[in-house]
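# A closer look at the structure
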Amino acid sequence: MASAIFIKKLREEATCSICLELMTEPVSINCGHSYCHLCIVGFTGNQSADTSSPGTFHCPQCRKPFQSGSLRPNKQLRGMIQTFKEMNQSMCNEHGEQLHLFCENDGQLLCWCCERSPQHKGHFTATVEDACPGYREKLQKAVTKLKFTESIYMQLKLDTTQKISSWEKKIKHEEERIHSEFTNLHTFLHQEEEFYMHRLEKEKEQKLSRLQDNVAYLDNKLEELKNGILELDKKCQCSARNFLQGLSYQSRNTRGCFFGTAYCEQCL
Ligand SMILES: [Zn+2]
Ligand SMILES: [Zn+2]
Ligand SMILES: [Zn+2]
Ligand SMILES: [Zn+2]
């Protein structure tokens, strides 16, 4: 219990009266009181200085004057607070005794007073030194297991990355193949189109030429007929004597027809 009072007293000494926490970067002022560096700087920033002597403020605890430029880092106090913090971690908050036991049932550090309390009655306890190696071993096993799992996942990641790059290559190759095949197909279709168009053009020319020949032939025929009609019309216009004279044997053709081979139905 004595140590608990001692710790309480020590904590009070190391507590900043501005922020009410253990001091951080403690500094001392003229009167000997100490505060966190940031707390006292903040205090002088918020308080108006003594108008009779500028730069002078009053200690928040004893009201004695101090100069804002006279703050001195308190290295001794800082060291003590550090030791106190470290010591405090190994002390029971309730009883102020060393936490040198470990309750296996609760997974909790205990001091000898805690161990005897009804809360831990019948619980399995061991000294910190005895309990620690077993837990360390368990932790080490867990780390080994996790490292093994990690290596599996790393291998899986590597495999997947390789699969991705292999797939990318495969897809690229396939793209090139499709592109090349379609280029060939386009070229082939273009050639085919040209071939059929050329053949059609040739066919058109031949057909047109034949039809134009026919037209020319028919024109000739029509011209012949026109002339024949004119000739026969002329014969019809002659006097009866001349007309009949025109039908003489001399004017007949080899078939004995006097109308002319070109116009007679029988001679045609
Ligand atoms: Zn403070
Ligand atoms: Zn003071
Ligand atoms: Zn205790
Ligand atoms: Zn317990």
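Scroll up to find the structure this text is about.
These lines cover the structure that appears in this document, whether it is placed above or below. (Residues numbered from 1 in each chain as written. Chains lettered and ligands numbered in written order. Predicted model: local features only at pLDDT ≥ 70, side-chain atom pairs only at ≥ 80, totals over all residues. Heavy atoms only, no water.)

## Re the sheet that holds strand β5 (residues 72-73)
Paired through backbone hydrogen bonds, the strands of a sheet run either parallel or antiparallel to each other. On the basis of which strands lie adjacent, the open sheet formed by 3 strands has the order β2-β1-β5 and antiparallel pairing. For this open sheet the edge positions go to β2 (34-36) and β5, each flanked by a neighbour on one side alone. Of the strand pairs in this sheet, strand β1 (residues 26-28) and β5 are connected by 2 bridges, and their pairing is antiparallel. Along β5, the bridge assignment pairs Val-27 with Pro-73. In the packing of helix α2 (residues 37-46) onto the sheet, contacts are made with β1 and β2, and the angle to β2 comes to roughly 95°. (Pairing = 2+ DSSP bridges. Helix = DSSP H or I, 4+ residues; strand = E, 2+ residues; numbered from the N terminus. Contact = heavy atoms within 4.5 Å. Axes fitted to C-alpha atoms, helices over the stretch in contact; angles between N-to-C directions.)

## A short note on a nonpolar patch on the surface
Taken together, the side chains of Ile-178, Phe-182, Leu-185, Phe-188 and Leu-189 make up a nonpolar region of the molecular surface, amounting to roughly 480 Å² of accessible area. Inspection of the secondary structure assignment puts Phe-188 in helix α5 (residues 128-237). We classify Phe-188 as partly exposed; its relative accessible area is 44%. (Patch = residues over 30% accessible without salt bridge, like charges linked within 9 Å, V, L, I, M, F, W, Y side chains within 5 Å. Areas by Shrake-Rupley, 256 points an atom, 1.4 Å probe, with all protein chains shown as cover. Salt bridge = Lys/Arg side-chain N within 4 Å of Asp/Glu carboxyl O. Buried < 20%, exposed > 50% of the residue type's maximum accessible area, 1.4 Å probe, protein only.)

## Things to note about the pattern of salt bridges
Scanning all chains against the criterion turns up 7 salt bridges. Between Glu-137 and Lys-141 there is a salt bridge; the shortest N-O distance is 3.9 Å. With Glu-137 and Lys-141 both in helix α5 and 4 residues apart, the pair spans about one turn of that helix. According to the relative accessible area criterion, Lys-141 is exposed, its value standing at 57%. The salt bridge partner of Glu-174 is Arg-177, with a shortest N-O separation of 2.9 Å.

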